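Reading the structure
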Amino acid sequence: MNDPVAVKSRPAYILLAVVCFGVLGGLIGRRADPGAVSIAALQQLPPDTLRIAVFALGGLLYAWVGLGLLGRMLFVTNRSVRKRYGYVAFKGAIGAGFLMLFPFTILSAFAELYLGWNAVQAFAAAGIMTGAALAGMELGKLGGGRLAGAILPSLGGLVLSGLWMLITSLAQGGWRILL
Amino acid sequence: MMFNPGVVLKSSMARVPPHFALAVSGLAFGLFFLQTALDMARGGHAGVSQVISTAIAGALYGSIGIALISIVAWVFSLPFGAKRSVGWSMRAFALGYSPALIYAAIGIVFNVFLGWNTAVAFGVTGALWAMGPMLATVREMLDGRIGPSVILCTVCGGLVLFGWSLLGTRDLPALFSIVMAR
């Protein structure tokens, strides 16, 4: 199967992946400690709405930084793909891989909002790691080796996923966002 | 199947007997549901008969349920040319739960011998990891079209989740709350 997806930058896929991070952040914010977010200038807003919005914005920011760093890491470590296709291939791989976050986001929203399960973190962690692994497979199709095409993306996904769990857990009940 | 499902799907699927493939997914869900029931029994929320019936329900869901969902996916692939047969779809969907089986088997060891609550860490995680191979399966069925593949993967994942919730894991929310609170 000759898949041309990864040689295009696919900005729409990346945008959708970033939105998914935002949605996951918002879903986590639903369960955060009610006192976790307090913004003096926005006191008139309902606290639940404010909390969900702040967590969602945090998810968007995390995605923008995290996916960018992952893409750069893969760019630096994939010499053969870098020389042949340039950075556009890596953006395309990240987009195609993390498009997989969409089903995980939909399912986590279904589980959270309809089934009442407190399982967003499980879906988010699995989705991030699956996305990173799939991004690596896209690079593998373009000639990336086993280390750069499978092991490093999976390690990157592990780090992204672990940091996500740590930051969101702290934000849910530990950190206080007071502005 | 864990690290490169696309290669496995293309090269090995024809040689896999369907009953073996469905046994993999059946065993994966059976062990997953068994972990859930053992966690609940440890907390005093389930007896022996419920543990056994939950495990059997999981095994049946993992075999028959996954087979039915694979047929739904094959039907959805028909407008796109249906590159693969319904038998192939069944085998591929079922074998996509190979990682889940490994996770569940490891989880059972920790659950039984160490007394850990493992349904979330090993059971749910393993079931969610099957989404990766599921996407590879669906992409192969849809001739590599990534957009329709993601949508169909979402539909199939939703059906798996919905069936899972209908099977009486209504106590899973309580279990999640107990585990997440620790």
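Before reading further, recall that the structure is shown in the block above.
A few points on the structure. Computed from a predicted structure; not experimentally measured.

The number of helices and strands found in chain A is seven helices and two strands. The order of helices and strands in chain A, counted from the N terminus, is α-β-α-α-α-α-α-α-β. Classification of the 179 residues of chain A by burial places 50% in the buried group. If you take every contact in chain A between residues at least 6 apart in sequence, the share linking residues at least 24 apart comes to 78%. A total of about 8000 Å² of accessible surface is found on chain A, and carbon and sulfur atoms cover 70% of it.

So, about the overall build of chain B. Within chain B, the secondary structure is distributed over nine helices and zero strands. Each helix and strand of chain B, placed in order from N terminus to C terminus, yields the pattern α-α-α-α-α-α-α-α-α. Within chain B, buried positions represent 52% of all 182 residues. Of all intrachain contacts in chain B linking residues separated by at least 6 positions in sequence, the fraction that spans at least 24 positions is 76%.

Turning to its location among the elements, F20 of chain B is positioned in helix α2 (residues 18-42). You can call F20 of chain B partly exposed: its relative accessible area is 46%.

Once that is clear, we can look at the state of the cysteines. A complete count under the given rule lists zero disulfides over all chains for this structure. The thiol of C20 of chain A is unpaired, and the distance to the nearest cysteine sulfur, on C153 of chain B, comes to 13 Å.

Contact pair helix α6 (residues 120-141) of chain A / helix α6 (residues 119-129) of chain B: the axes reach a minimum separation of 10 Å and the direction vectors enclose 40 degrees. One way to sum up the angle between α6 of chain A and α6 of chain B is to call them oblique. Both α6 of chain A and α6 of chain B take part in a crossing whose hand is right-handed. Contact residues: A122, F123, A126, M129 and T130 of chain A in α6 of chain A; V124, L128 and W129 of chain B in α6 of chain B. For the contact of α6 of chain A with α6 of chain B, a count of residues per class yields seven nonpolar, one polar and no charged.

Attention now moves to empty space enclosed by the protein. This model, assessed by the stated rule, comprises two cavities of 30 Å³ or more. Estimates place the volume of the largest cavity at around 90 Å³. Around the largest cavity, the lining residues are L107 and F123 of chain A together with F29, Y97, A127, L128, M131, M134, G157, V160, L161 and W164 of chain B. Of all the secondary-structure elements, those providing two or more residues to the lining of the largest cavity are α6, α7 (131-141) and α8 (146-166) of chain B. By residue number, the principal contributor to the lining of the largest cavity is α8 of chain B, which donates four residues. Residues of the lining of the largest cavity, tallied by class, amount to 11 nonpolar, one polar and no charged. Taken as a whole, the second largest cavity spans an internal volume of roughly 30 Å³. Surrounding the second largest cavity, A92, F93, G96, Y97, A130, P133, M134 and T137 of chain B form its lining. In terms of residue count, the dominant contributor to the lining of the second largest cavity is α7 of chain B (three residues). In terms of residue class, the lining of the second largest cavity is made up of six nonpolar, two polar and no charged.

Analysis parameters
- Residues numbered from 1 in each chain as written.
- Chains lettered and ligands numbered in written order.
- Predicted model: local features only at pLDDT ≥ 70, side-chain atom pairs only at ≥ 80, totals over all residues.
- Heavy atoms only, no water.
- Helix = DSSP H or I, 4+ residues; strand = E, 2+ residues; numbered from the N terminus.
- Buried < 20%, exposed > 50% of the residue type's maximum accessible area, 1.4 Å probe, protein only.
- Contact = heavy atoms within 4.5 Å.
- Areas by Shrake-Rupley, 256 points an atom, 1.4 Å probe, with all protein chains shown as cover.
- Disulfide = S-S within 2.5 Å.
- Axes fitted to C-alpha atoms, helices over the stretch in contact; angles between N-to-C directions.
- Parallel < 35°, antiparallel > 145°, perpendicular 65-115°, else oblique.
- Left-handed = near helix turned anticlockwise from the far one by under 90°.
- Nonpolar A, V, L, I, M, F, W, Y, C, P; charged D, E, K, R; others polar.
- 1 Å grid on protein atoms, 1.4 Å probe; cavity = no way out; pocket = protein on both sides within 12 Å on 5 of 7 lines; lining within 4 Å.
- Points joined across faces, edges and corners; volume = space filled by probe spheres on them.

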